[in-house]
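Descriptive structure summary
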Amino acid sequence: TITDFVGLLEEEYKGQLDNEADNYINFIIEASARMRSLVQSVLSYSKIGKNREELSLVDCNTIIRDIKKDLNKRIVDTKAKITFKKLPKIKGYSIELHSLFLNLISNAIKFRREGHPPKIDIDVQELDTHWKFSIKDNGIGIAKKNRLRIFNIFQRLNNMDSYSGTGIGLAQCKKITELHAGEIW
């Protein structure tokens, strides 16, 4: 509602107000967009594990192929290379697992080093009691002191001017991983 009314205000009075008023209107529009994104992210976070989907055998290869289609424009624009060998079928929630891999791959593309196309390698190792997935990239990295903190909700390591986002993506990954009785680091 705020966005709609400010949009109307901008439309109706554009060029009739001084620069300061135009700046205020732009600030409100940008802040409203950030608020909308944050609310949507919080709602998405709160819904993890609450859908009515039953555990099923999920083909991780299909998930990664679907994500590559979903992110095709970003992959092409950044010249990202995503590699993976044969991944297993695991018992899980397909929507949440898709979201988990989507968040991790999107972050690997987003937090790339300037002048270096993202290289993302997805690997898996079968252990006695579980599968151990690894997603490696050549991005900007995470300082050792922040490696646990980044999985807390609303924790951002980079300013919003450099990288967009709400600080909820990796918290979602943690919640999804724990929903599947796993750990993430």
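Our structure is the block above this text.
Here's what I pulled together on the structure shown here.

About the cut-offs
Residues numbered from 1 in each chain as written. Predicted model: local features only at pLDDT ≥ 70, side-chain atom pairs only at ≥ 80, totals over all residues. Heavy atoms only, no water. Helix = DSSP H or I, 4+ residues; strand = E, 2+ residues; numbered from the N terminus. Buried < 20%, exposed > 50% of the residue type's maximum accessible area, 1.4 Å probe, protein only. Contact = heavy atoms within 4.5 Å. Areas by Shrake-Rupley, 256 points an atom, 1.4 Å probe, with all protein chains shown as cover. Lys, Arg positive; Asp, Glu negative; His and termini not counted. Charge placed at Lys NZ, Arg CZ, Asp CG, Glu CD. Axes fitted to C-alpha atoms, helices over the stretch in contact; angles between N-to-C directions. Parallel < 35°, antiparallel > 145°, perpendicular 65-115°, else oblique. Left-handed = near helix turned anticlockwise from the far one by under 90°. Nonpolar A, V, L, I, M, F, W, Y, C, P; charged D, E, K, R; others polar. Pairing = 2+ DSSP bridges. Patch = residues over 30% accessible without salt bridge, like charges linked within 9 Å, V, L, I, M, F, W, Y side chains within 5 Å. Salt bridge = Lys/Arg side-chain N within 4 Å of Asp/Glu carboxyl O. Expected span 1.5 Å × (residues − 1). Core = buried A, V, L, I, M, F, W, Y, C linked by side-chain atoms within 4.5 Å.

**Observations regarding the overall build of the protein**
Across its full length, the protein holds six helices and five strands. In the protein, the order of α-helices and β-strands from amino to carboxyl end is α-α-β-α-α-β-β-α-β-β-α. Across its three principal directions, the C-alpha atoms of the protein cover 70 × 40 × 35 Å. The buried share of the protein, reckoned over its 185 residues, is 28%. For the protein, long-range pairs separated by at least 24 residues make up 65% of all intrachain contacts whose partners lie at least 6 apart in sequence. When the accessible surface of the protein is split by element, carbon and sulfur atoms take 52% of a total near 12800 Å². For the protein, the distance from the average position of its 30 positive side-chain charges to the average position of its 24 negative side-chain charges is 8 Å.

**Describing the packing of helix α3 (residues 60-70) against helix α5 (residues 94-110)**
Between α3 and α5, the shortest axis-to-axis distance is 10 Å and the interhelical angle comes to 55°. Here α3 is positioned oblique relative to α5, judged by the angle of their axes. In the crossing of α3 with α5, the sense of the turn from one axis to the other is right-handed. The residues of α5 that touch α3, namely those facing C60, I63, I64, D66, I67 and D70, are S94, L97, H98, F101, L102 and I105. Along the lines of polarity and charge, the residues of the contact of α3 with α5 split into eight nonpolar, two polar and two charged.

**Concerning the pairing of strand β5 (residues 131-137)**
The side chains of a regular strand alternate, first on one face of the sheet and then on the other. Note: strand β4 (residues 119-126) against β5, seven bridges, orientation antiparallel. Pairing of E126 across the sheet is with W131, part of β5. Adjacent in sequence and paired antiparallel, β4 and β5 are bridged by four residues.

**Observations concerning a positive patch on the surface**
A surface patch of like charges, here positive, comprises R65, K69, K86 and K89. Mapped onto the secondary structure, K89 falls in strand β3 (residues 89-92).

**Things to note about the environment of G49**
Tracing the backbone shows G49 in the loop between α2 (19-47) and β1 (56-59). Among the residues examined, G49 registers a relative accessible area of 37% and is labelled partly exposed. In this structure the C-alpha to C-alpha distance between G49 and T177, which are 128 residues apart in sequence, comes to 10 Å. In contact with G49, not counting residues within four places along its chain, are E96 and L179.

**Describing α5**
In this model, α5 (17 residues) spans 24 Å end to end at C-alpha, consistent with the 24 Å of a helix rising 1.5 Å per residue. For α5, the full list of buried residues reads E96, L97, L100, F101, N103, I105, S106, N107, A108 and I109.

**So, the sheet that holds β5**
Across the sheet, which stays open at both edges, the three strands sit in the order β2-β4-β5 with mixed pairing between neighbours. Each of the sheet's edge strands pairs with one partner strand only, and the pair in question is β2 (81-84) and β5. Mean inter-strand twist for the sheet, computed between neighbouring axes without regard to direction, equals 15°. Against the sheet, α3 touches β2, β4 and β5, its axis set at about 170° to β2.

**A short note on the nonpolar core**
If you look at the biggest cluster of nonpolar residues, it comprises 26 residues, and the most contacted ones within it are I105, I109, I120 and I122. Of all elements in the fold, only α3, α5, β4 and α6 (169-179) reach the threshold of two or more residues within this core. Top contributing element to this core by residue count: α5, with six residues. In contact with I120, not counting residues within four places along its chain, are K81, I82, T83, I105, A108, I109, I135, K136 and D137.

**Here we look at the side chain of T177**
Among the secondary structure elements, T177 is positioned in helix α6. Dropping the residues within four chain positions of it, T177 is found in contact with L100, G182, E183 and I184.

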